[in-house]
Amino acid sequence: MQPRFLKLLKSRRAVSAVISNLILIAAVIVVGFAVLAWAQSQSSNYNNQYSSVISSDTNQLRERMVFEYIYYDNAHNNLTVYLMNFGTIDNVNVTTVYVNNTPNSTIALRLLSSGASISSLNATQEGYFSISPSPSLVPGTNCPIKIITARGSSFVGTFAT
Amino acid sequence: MLAPLRLRKTRRSLISDSRGFSSIVGAVFAVLVMFSLISTVFVWSLSQNTLYNNTVTQTRQADLDRSNEKIVANVTVSRVDGNKVAVNGTLENDGSLSAQIVTLWAADANQKTYNFTSPLNITLKPGNVTTLSGSTAINVTLANVPEDSLSCWFISERGNTISKNPYFAANTGNSVIHANVTQGIGSVAMDFSAFWHYDFPSSPAQGTPLPSQSPANYTVSASKYTVFHVVLTDFDPLGQNITLNGNSSIYILGPHSSTVMWGTWKLVNVTGGKIYPSSGVLYNLYMGVPTVLYFSGDLTDLTGKQIDPNHVYPLNILLFGTKGNDDYGQNIPFVSVYLVN
């Protein structure tokens with residue numbers, strides 16, 4: 001091996017071939033690592049996005065609400081809606097209520113047991129909110145009601161005025 | 001010898017051709033990139049899909065459990081005072097899953113008032129019956145006046161609304177009217193459509209199965225041993241349970257002879273479709289719950305002596321026991337039977 005190596009060093013063409021090889025390999029390694037890092041970051045971003053979409057979908061799937069009682073006070077145009085979160089996820093936030101297809105976004109949620117103001121309903125919790133429908137509801141009719149949660153779930157029901 | 005030569009030749013060509021060597025390095029990186037993408041994106045996607053599928057399965061199961069929950073509320077709402085109503089009766093889990101009742105709502109349609117009692121935490125295993133009566137009746141604070149139309153419904157933990165059993169409600173009607181009626185005629189009512197009897201040729205031994213139902217409900221043979229099937233319901237205005245003891249009986253007293261005619265059928269124990277004529281028995285009547293009672297005996301000794309056959313006789317159902325902590329007695333005199341030999 002020793003004489004062959006010396007011969008290689010003495011040969012200009014052989015040295016240039018090695019150097020060009022090394023340069024090309026170095027370039028490929030640098031570009032390769034760059035591409036690898038980029039691919040990993042892209043896949044990581046994709047994973048995060050996919051994860052958040054799946055998480056959002058699964059959380060929405062686990063939301064369940066039931067209307068325990070809906071009472072409309074004709075004299076004061078006051079609608080009180082009693083709800084229970086019987087799903088398996090906490091922090092169910094009611095964002096919009098449609099009464100007779102008219103939206104109402106000012107929802108002051110309260111806990112059924114104590115009347116304390118809350119921002120969302122946890123699993124198995126019961127709560128209520130009151131709104132003043134506009135226009136006021138016609139007495140003696142059946143009205144549709146739909147609530148929309150922050151996660152995008154909708155729950156519908158009807159009540160008699 | 002050809003293979004080593006070929007390898008040597010390839011090595012030389014690689015060393016002399018710089019692009020060939022870097023291609024290998026590039027290929028290694030390509031494999032790494034592909035592996036990185038596959039191992040992270042594909043595996044991650046797979047795990048996320050599994051998570052989603054698991055959630056869908058759990059949610060479907062929860063929805064299925066919810067739809068299979070079957071609780072029958074044989075209850076009545078009665079006025080306690082101007083600010084309170086009481087819910088009496090039974091809650092029965094007819095489903096195959098354990099259920100929990102969390103809230104009771106009551107409403108007065110006339111006053112347009114409503115209120116709730118929560119948390120109830122009544123757990124019902126499959127087939128279990130919970131009696132709401134007396135001290136276990138559920139009170140709801142509700143402004144009301146006499147003869148108002150009261151209603152109630154329960155909420156289960158699975159989000160089901162359990163209304164009063166309509167069949168039961170149709171049979172019991174308005175509890176206030178019941179209270180008024182029962183003050184006049186007593187706390188126990190009989191279901192005439194469920195009055196029939198079973199016949200034996202002679203006094204049955206302990207544990208004898210009941211025969212098929214007699215087709216003639218109100219025609220009784222004086223020469224046979226008879227077991228009467230009577231359904232009674234407690235409609236006590238105060239919602240108290242009634243316990244009937246062995247002194248209760250069916251008594252017959254006829255006018256069709258010059259002598260005094262009588263006969264009795266004693267309250268007996270029937271368990272699992274078998275009769276135990278010699279066993280003492282206590283029957284509990286729960287508020288609003290129809291209960292089957294059996295009275296047995298025969299008029300064999302009286303045939304042709306004191307009881308004249310082929311006549312209609314009045315039956316008196318004599319009930320005695322306790323209601324709450326006090327003695328209670330009532331006679332239901334509304335049944336007649338046609339006596340034959």
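On a predicted model such as this, the values are computed, not experimentally measured, just so you know.

**Concerning the overall build of chain B**
No. 1: When helices and strands are tallied, chain B shows 4 helices and 22 strands.
No. 2: In chain B, buried positions account for 31% of the 341 residues.
No. 3: Restricting to contacts in chain B with at least 6 residues of sequence separation, those with at least 24 account for 72%.

**A short note on the overall build of chain A**
No. 1: In terms of regular secondary structure, chain A is built from 2 helices and 8 strands.
No. 2: Residues counted as buried form 17% of the 161 residues belonging to chain A.
No. 3: Expressed as a percentage of contacts within chain A between residues at least 6 apart in sequence, the contacts between residues at least 24 apart total 55%.

**A word on the nonpolar core**
Residues and elements named next belong to chain B.
No. 1: Counting 44 residues, the largest nonpolar core has Val-87, Leu-104, Ala-106 and Val-140 as its most contacted members.
No. 2: Top element by residues in this core is strand β3 (residues 99-108). It accounts for 7 residues.
No. 3: In this view, Leu-104 contacts Val-87, Phe-116, Thr-117, Leu-120, Ile-138, Val-140, Cys-152 and Phe-154; residues no more than four positions away in its chain are not counted.
No. 4: Core analysis: the second largest hydrophobic core is formed by 31 residues, Phe-235, Leu-267, Val-270 and Phe-295 among them.

**Looking at unusual backbone geometry**
No. 1: Put simply, Ser-134 of chain A and Pro-135 of chain A share a cis peptide bond, and its omega is 0°.
No. 2: With respect to the helices, strands and loops of the structure, Pro-135 of chain A is situated in the loop between β6 (126-131) and β7 (142-149).
No. 3: A cis amide bond links Ser-118 of chain B to the next residue, Pro-119 of chain B, at an omega of 0°.
No. 4: By the element assignment, Pro-119 of chain B lies in the loop between β4 (113-117) and β5 (122-124).
No. 5: In this structure, Asn-101 of chain A takes a positive phi of about 65° despite not being glycine.
No. 6: Here Asn-101 of chain A is to be found in the loop between β3 (94-99) and β4 (102-104).

**As for the sheet that holds β3 of chain A**
Residue and element names in this part refer to chain A.
No. 1: With antiparallel pairing, 4 strands are arranged side by side in an open sheet as β4-β3-β7-β8. A single partner strand is all that each edge strand has here, and the edge strands are β4 and β8 (154-160). In this sheet, adjacent strand axes meet at a mean angle of 25° when their direction is disregarded.
No. 2: Pairing between β3 and β7: 5 bridges, direction antiparallel. Within β7, the residue paired with Val-97 across the bridge is Ile-147.

**Thoughts on the interface of chain B and chain A**
No. 1: Contacts between the two partners involve 31 residues from chain B and, on the opposite side, 33 residues from chain A.
No. 2: Of all the elements in the fold, those that place two or more residues in the side of chain B that touches chain A are α1 (2-16), α2 (18-68) and β3 of chain B.
No. 3: Considering every element that reaches the side of chain B that touches chain A, the biggest residue donor is α2 of chain B, with 21 residues.

**Points about the pairing of β4 of chain B**
Residues and elements named next belong to chain B.
No. 1: Here β3 pairs with β4 via 5 bridges, running antiparallel. Opposite Asp-108, over in β4, you have Thr-113 as the bridge partner.
No. 2: Where β3 folds back on β4, the antiparallel hairpin that results is connected by 4 residues, among which Lys-112 adopts a positive phi of roughly 55°.

**Some thoughts on the sheet that holds β6 of chain A**
As a general point, the strands of a sheet are linked pairwise by backbone hydrogen bonds and lie either parallel or antiparallel.
All names here are of chain A.
No. 1: Spatially, 4 strands are ordered β1-β2-β6-β5 in an open sheet, and the strand pairing comes out antiparallel. This sheet does not close on itself; its edge strands, each paired only once, are β1 (65-73) and β5 (110-111).
No. 2: Note that strand β2 (residues 78-85) and β6 share 6 bridges and pair antiparallel. Directly across from Leu-83, in β6, lies its bridge partner Gly-127.

**Some remarks on the confidence of the model for chain B**
In low-pLDDT segments, the atomic positions of the prediction should not be examined closely.
Residues and elements named next belong to chain B.
No. 1: On average, chain B scores 80 in pLDDT, and the residues at 70 or more come to 82%.
No. 2: Confidence drops under pLDDT 50 across residues 173-177; counting only partners more than four residues distant or on other chains, this segment forms 8 contacts.
No. 3: Our summary of model confidence lists the complex with pTM equal to 0.60 and ipTM equal to 0.80.

**Observations regarding the environment of Thr-80 of chain A**
No. 1: Note that Thr-80 of chain A resides in strand β2.
No. 2: Apart from residues no more than four positions distant in its own chain, Thr-80 of chain A is found in contact with Tyr-71, Tyr-128 and Ser-130 of chain A.

**A short note on the pairing of strand β1 (residues 71-81) of chain B**
One face of the sheet, then the other: side chains in a regular strand alternate in exactly this way.
Residues and elements named next belong to chain B.
No. 1: Counting buried positions along β1 yields 8 of 11 residues, so the element is predominantly enclosed.
No. 2: Taken together, the 10 bridges between β1 and strand β2 (residues 84-93) define a ladder with antiparallel strand orientation. Within β2, the residue paired with Val-77 across the bridge is Val-87.
No. 3: Where β1 folds back onto β2 in an antiparallel hairpin, the turn is made up of 2 residues.

Rules used throughout
The numbers attached to residues start from 1 for each chain and follow its sequence in the written order. For naming, the first written chain is A and the first written ligand is 1, with later ones following in the order written. It should be noted that, the model being predicted, local features are given only for residues of pLDDT at least 70 and side-chain atom pairs only at 80 or more, the latter also being counted only at that level, while totals for whole chains, interfaces and linings use all residues. Helix and strand labels come from DSSP, where a helix needs a run of H or I of at least four residues and a strand needs a run of E of at least two; each type is numbered from the N terminus. With C-beta atoms placed from the backbone, a residue is labelled by how many other C-beta atoms lie within 10 Å of its own: buried for 20 or more, exposed for 12 or fewer, partly exposed between the two. Contacts are defined on C-beta atoms placed from the backbone: any two residues whose C-beta positions lie within 7 Å are in contact. Buried Ala, Val, Leu, Ile, Met, Phe, Trp, Tyr and Cys residues whose C-beta atoms connect them within 7 Å together make up a nonpolar core. Note on pairing: two strands pair once DSSP finds at least 2 bridges between them. Note on definitions: angles span 0 to 180 degrees between N-to-C directions of axes, and those axes are lines fitted to C-alpha atoms, for helices only across the stretch in contact. pLDDT: the predictor's confidence for each residue, scored from 0 to 100.

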